[in-house]
Amino acid sequence: MFKLKLWGTRGSIPTPYTPEEVESRIRDLFHRFFARKHHALEDVEPFLHELQRHEFGGWGGNTACVEVKAGDTQLIIDAGSGLKGLLPELMKGPLGRGQGEVHFYFTHFHWDHIIGLPFFTPLYIPGNKIHLHAVQKDLPAMMKTLFQKPFFPVPLESLGATIVYHELEPRKPVTVGAQGGLTLTPYLLDHPDPCWGYRLDYQGKSAAYCVDTEGTRISELLLGDDLPMYQHLDLMIFDSQYTIEEAIQKMNWGHAAAAIGIDLALREHIRKVAFVHHDPMASDQKIADAEKQAREYYHFEIKALSKSGVKAPHVDWFFAREGDEFSL
Ligand SMILES: [Zn+2]
Ligand SMILES: [Zn+2]
């Protein structure tokens with residue numbers, strides 16, 4: 001069993017719906033329900049099934065957090081506000097009783113990737129061991145800053161759990177978990193502060209978490225030592241904060257358009273791509289429009305490849321939403 005679950009798909013800042021947005025969505029759904037000549041209670045479920053998922057529930061408002069399970073091994077990549085969703089499940093296990101261990105792997109320390117940490121209850125329960133892994137050497141300093149006034153009332157020294165820091169080496173694979181089998185390798189992404197994506201390999205299946213990245217290095221030559229991150233992947237989770245136009249306007253802001261991930265996927269024969277880190281300023285419709293733009297780009301690229309005599313691989317890609325889970 002090799003599974004990844006997205007607990008947060010929003011970029012930069014948690015983005016809950018406003019009451020006005022919920023109201024407008026409910027009104028719109030009622031209108032559409034009756035416009036289709038539905039009128040009975042038993043029509044509700046089939047009607048909701050007919051909708052695209054984002055029309056019903058949106059894309060999610062929580063920031064970066066991915067749960068990875070491989071056999072008996074579990075780890076968490078990034079601790080954005082999405083971590084809150086995973087918390088109840090973890091608290092039912094040994095972490096709730098002060099007998100647990102958990103491993104976090106951080107890409108970088110921008111707020112949207114760490115904001116869930118101060119509210120992670122197992123940190124306050126004596127007996128727990130919380131392992132924190134990152135390439136960045138300032139991981140302990142980041143924790144000290146995060147857990148101090150005026151940012152947070154509880155200082156790091158007062159946490160009940162034992163915190164264990166692990167410094168990862170760039171591009172050096174590490175074996176995760178007592179059972180072995182799951183390998184994790186950090187590779188450099190393209191972001192204003194150094195940000196390390198992770199490639200995960202387990203029993204012949206592979207996934208990569210490539211968030212946050214602008215994807216400024218796409219060619220094999222420019223990617224150089226970081227190229228193996230993208231090769232022969234079953235799943236790539238990739239940054240798609242912007243439309244193509246926005247990605248050009250917001251050069252050096254550290255985020256990509258889905259078109260970049262599509263190009264990588266077509267060249268590297270990546271089977272599935274889940275696009276995340278949706279723009280917090282974008283409405284559901286705007287994200288749907290960005291997905292439509294990416295769909296047009298994908299078909300254009302496929303046509304161009306076949307015109308030049310190359311058989312384009314099929315890539316199963318989509319804009320992912322919070323709660324999406326992938327079994328590899
Ligand atoms: Zn981010
Ligand atoms: Zn960032």
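Everything below is about the structure shown above.
Residues numbered from 1 in each chain as written. Chains lettered and ligands numbered in written order. Predicted model: local features only at pLDDT ≥ 70, side-chain atom pairs only at ≥ 80, totals over all residues. Heavy atoms only, no water.

Let's talk about the coordination of the zinc ion (ligand 2)
In the first shell of the zinc ion (ligand 2), the protein supplies His-108 (NE2), His-110 (ND1), His-191 (NE2) and Asp-212 (OD), at 2.1 to 2.4 Å from the metal. In this structure, the zinc ion (ligand 2) is coordinated by four donor atoms arranged in irregular fashion, with angles at the metal of 92 to 167°. In the primary structure, the donors to the zinc ion (ligand 2) are separated according to the pattern H-x1-H-x80-H-x20-D. The metal-metal distance between the zinc ion (ligand 2) and the zinc ion (ligand 1) comes to 3.7 Å, with Asp-212 coordinating both. According to the relative accessible area criterion, His-108 is buried, its value standing at 1%. (Donors = N, O, S within 2.8 Å, 3.2 Å for Na, K, Ca; no water. Tetrahedral: all angles 85-135°; square planar, octahedral: opposite > 155°, others 65-115°. Buried < 20%, exposed > 50% of the residue type's maximum accessible area, 1.4 Å probe, protein only.)

Structural notes on the environment of Gln-293
Relative to the elements of secondary structure, Gln-293 occurs in helix α9 (residues 284-307). Along the chain, Gln-293 and Glu-45 lie 248 residues apart, while their C-alpha atoms are 30 Å from each other. Here Gln-293 is in contact with Thr-243, Ile-244 and Glu-245, once residues within four sequence places are set aside. At 2.9 Å, the side chain of Gln-293 forms a polar contact with the side chain of Glu-245. (Helix = DSSP H or I, 4+ residues; strand = E, 2+ residues; numbered from the N terminus. Contact = heavy atoms within 4.5 Å. Polar contact = N/O pair within 3.5 Å; in protein donor to acceptor, adjacent residues only side chain to side chain.)

Thoughts on the coordination of the zinc ion (ligand 1)
Here the zinc ion (ligand 1) is held by Asp-112 (OD), His-113 (NE2), Asp-212 (OD), Asp-212 (OD) and His-277 (NE2), and the distances to it run 2.0 to 2.8 Å. Mapped onto the polypeptide sequence, the residues donating to the zinc ion (ligand 1) form the spacing pattern D-H-x98-D-x64-H.

Examining a nonpolar patch on the surface
Taken together, the side chains of Tyr-17, Val-22, Ile-26, Phe-30 and Phe-34 define a hydrophobic patch exposed on the protein surface, amounting to about 480 Å² of accessible area. For Tyr-17, the position within the fold is in the loop between β1 (2-8) and α1 (19-35). (Patch = residues over 30% accessible without salt bridge, like charges linked within 9 Å, V, L, I, M, F, W, Y side chains within 5 Å. Areas by Shrake-Rupley, 256 points an atom, 1.4 Å probe, with all protein chains shown as cover. Salt bridge = Lys/Arg side-chain N within 4 Å of Asp/Glu carboxyl O.)

Some details on the sheet that holds strand β2 (residues 65-70)
The pairing of strands in a sheet happens through backbone hydrogen bonds and is either parallel or antiparallel. Here we have seven strands laid out as an open sheet, ordered β6-β5-β4-β3-β2-β1-β14, and mixed in their pairing. A single partner strand is all that each edge strand has here, and the edge strands are β6 (162-167) and β14 (325-327). Pairs of neighbouring strands in the sheet enclose a mean axial angle of 20°, with direction left out of account. Two strands pair when backbone bridges link them, and strand β4 (residues 101-105) and strand β5 (residues 129-134) are joined in this way by five bridges, in the parallel orientation. Within β5, the position partnered with His-103 by the bridge is His-131. Sheet strands touched by helix α5 (residues 139-146): β5 and β6. Its angle to β6, the strand with the most contacts, is close to 140°. (Pairing = 2+ DSSP bridges. Axes fitted to C-alpha atoms, helices over the stretch in contact; angles between N-to-C directions.)

Considerations on α5
Listing the buried residues of α5 in full gives Leu-139, Met-142, Met-143 and Leu-146. Buried positions in α5, seen along its axis, are confined to an arc of 100° and lie on one side of it. (Arc of directions from axis to C-beta.)

A few points about the nonpolar core
Membership of the largest hydrophobic core comes to 31 residues, with the highest contact counts inside it found for Tyr-230, Met-236, Phe-238, Val-273, Trp-317 and Phe-319. When contributions to this core are tallied by element, the ones reaching two or more residues are β10 (205-210), β11 (235-239), α8 (258-268), β12 (272-276), α9 and β13 (316-319). For Trp-317, the contacting residues outside a window of four places in its chain are Ile-262, Val-273, Phe-275, Glu-291, Ala-294, Arg-295 and Tyr-298. With 30 residues, the next largest nonpolar core counts Leu-90, Phe-120, Met-143 and Ile-163 among its residues. (Core = buried A, V, L, I, M, F, W, Y, C linked by side-chain atoms within 4.5 Å.)

Notes on the sheet that holds β10
Read from one edge to the other, the open sheet built from seven strands follows the order β7-β8-β9-β10-β11-β12-β13, with strand pairing classed as mixed. Only two strands of the sheet have a single neighbouring strand rather than two, namely β7 (174-176) and β13. Each neighbouring strand pair of the sheet contributes to a mean axis angle of 20°, computed without reference to strand direction. Pairing of strand β8 (residues 182-188) with strand β9 (residues 196-202) involves seven bridges; the strand directions are antiparallel. Residue pairing across strands places Leu-182 opposite Tyr-202, the latter belonging to β9. Contacts from α8 reach β11, β12 and β13, with the element oriented near 155° to β11.

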